[in-house]
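# Structural overview for review
What follows is each chain in one-letter form.
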Amino acid sequence: MKSFFDSGPLPDWQELRKWLGKDIPWKLAENWDRTGDDNWMNNYVKQILQNAKSGANAPDRSAVRTEIKQDGKYVRVAIRLAPEVDLRALQLMATSDRLKINGLPGDKKRVIRFPGLVYPRTGKAVMKADRQILIRFKRRPPEKSEYELFIQT
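Here goes a summary of the coordinates provided. This is a predicted model, so every value here is computed, not measured.

## As for the overall build of the chain
- Tallying secondary structure elements over the chain gives three helices and seven strands in all.
- When the helices and strands of the chain are listed from N to C terminus, the series reads α-α-α-β-β-β-β-β-β-β.
- Pairs at least 24 apart in sequence give 35% of the contacts found in the chain among residues at least 6 apart.
- Surface summary for the chain: the accessible area is close to 12,500 Å², and the carbon and sulfur share equals 52%.

Quick look at the structure:
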């Protein structure tokens with residue numbers, strides 16, 4: 001099978017930008033053509049990895065520790081809060097696939113993905129004495145039905 005890159009010169013980056021919009025880091029793409037130095041790509045990747053390692057872009061995970069368990073009927077989430085978390089500002093928002101915690105120190109948020117789909121309206125949150133919130137959701141059964149889709153002409 002022939003590669004895209006074997007078929008000749010690449011299209012102009014400006015033309016690709018029109019096609020793809022903001023899906024590519026365009027400064028990276030423009031540097032590809034401008035620089036004669038081969039190390040710029042290595043430096044770019046190293047910088048991204050260093051930022052990820054240092055946690056510069058990561059949310060503060062020290063304020064909240066979570067544990068998720070799933071059994072036959074329920075998904076259970078245990079949230080342990082640090083002392084600096086203001087309980088009055090805390091807000092829990094659930095969808096069928098995730099739980100969002102708002103009101104963390106520094107106006108931060110935290111999103112927790114469920115291991116399977118749940119019914120969000122069945123969520124019940126209980127505060128325990130040791131700054132731990134226990135939440136239980138009823139699991140949504142997996143969809144096993146098969147539906148025929150008709151093609152309209």
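Next comes the rest of the description.
## A short note on the packing of aromatic side chains
- Enumeration according to the criterion identifies one aromatic pair in this entry.
- Look at F114 and F137: their rings are 5.0 Å apart centre to centre, the planes differ by 55 degrees, and that puts the pair in the tilted class. With F114 in the loop between strand 5 (108-113) and strand 6 (118-127) and F137 in strand 7 (residues 132-139), the pair connects residues that are 23 residues apart, well separated along the chain. As far as the burial class goes, F114 and F137 line up, both buried.
- The ring of Y74 is capped by R136, whose NZ or CZ atom sits 4.2 Å from the centre of that ring.

## Remarks on the environment of E84
- Structurally, E84 is set in the loop between strand 2 (74-81) and strand 3 (91-94).
- With 21 residues separating them in the primary sequence, E84 and A63 have C-alpha atoms 7.3 Å apart.
- Excluding residues within four positions of it along the chain, E84 makes contact with A63 and P105.

## Some details on unusual backbone geometry
- Phi is positive for D107, which is not a glycine, with a value near 55 degrees.
- Tracing the backbone shows D107 in the loop between strand 4 (98-104) and strand 5.
- Positive phi values are uncommon outside glycine, yet R131 reaches one of about 55 degrees.
- You can see R131 is positioned in the loop between strand 6 and strand 7.
- Here R131 falls in the partly exposed class, since its relative accessible area comes to 23%.

## So, the sheet that holds strand 6
- Read across the sheet, four strands follow the order 1-2-7-6 without closing on themselves; strand pairing throughout is antiparallel. Strand pairing shows two members of the sheet lacking a second neighbour, strand 1 (64-70) and strand 6, which therefore form its edges. Adjacent strand axes in the sheet meet at a mean angle of 20 degrees, parallel and antiparallel pairs treated alike.
- Note that strand 6 and strand 7 share six bridges and pair antiparallel. Residue pairing in the sheet places V126 in a bridge with L134 of strand 7.

## Let's talk about the sheet that holds strand 3
- Read from one edge to the other, the open sheet built from three strands follows the order 3-4-5, with strand pairing classed as antiparallel. The open sheet has two free edges, formed respectively by strand 3 and strand 5, since each of these has just one partner strand. The mean inter-strand angle of the sheet, taken between neighbouring strand axes irrespective of direction, is 20 degrees.
- Summarising the sheet, strand 4 and strand 5 pair through five bridges and their orientation is antiparallel. Counterpart to R98 in the pairing with strand 5 is R113.

## Here's the deal with the pattern of salt bridges
- Under the counting rule described, the total for this entry stands at six salt bridges.
- As a salt-bridge pair, K69 and E67 come within 3.5 Å of each other at their nearest N and O atoms.
- Judged by its relative accessible area of 44%, E67 falls in the partly exposed class.
- A network of salt bridges, in which partner residues are shared, links D97, R98 and R113.

Cut-offs used in this document
- Residue positions within a chain follow its written sequence, with the count starting from 1.
- Where local features are concerned, this predicted model is filtered to residues with pLDDT of at least 70; where side-chain atom pairs are given and counted, the filter is 80 or more; whole-chain, interface and lining totals use all residues.
- Side-chain metrics rest on all non-hydrogen atoms present in the structure, leaving aside hydrogens and water.
- Counting from the N terminus, the helices are DSSP H or I runs at least four residues long and the strands are E runs at least two residues long.
- Contacts are assigned to residue pairs that have any heavy atoms within 4.5 Å of one another.
- Here the Shrake-Rupley method, with its probe set to 1.4 Å, supplies the accessible areas, and only the displayed protein chains count as covering residues.
- Only centres within 6.5 Å qualify two rings of Phe, Tyr or Trp (six-membered ring in Trp) as a pair; their planes then separate them into stacked at under 30 degrees, edge-to-face at over 60, and tilted for everything else.
- Using a 1.4 Å probe on the protein chains alone, a residue whose accessible area is under 20% of its type maximum counts as buried, one over 50% counts as exposed, and one in between counts as partly exposed.
- Put simply, a charge is over a ring when the Lys NZ or the Arg CZ is close to the ring centre, within 6 Å, and near the line of the ring normal, within 35 degrees.
- A pair of strands is labelled paired if DSSP reports no fewer than 2 bridges between them.
- Each axis is a line fitted through C-alpha atoms, taken for helices only over the stretch in contact, and angles between the N-to-C directions span 0 to 180 degrees.
- Put simply, a salt bridge is a Lys or Arg side-chain nitrogen that is within 4 Å of an Asp or Glu carboxyl oxygen.

Purely spatial values, then, with no claim about function.
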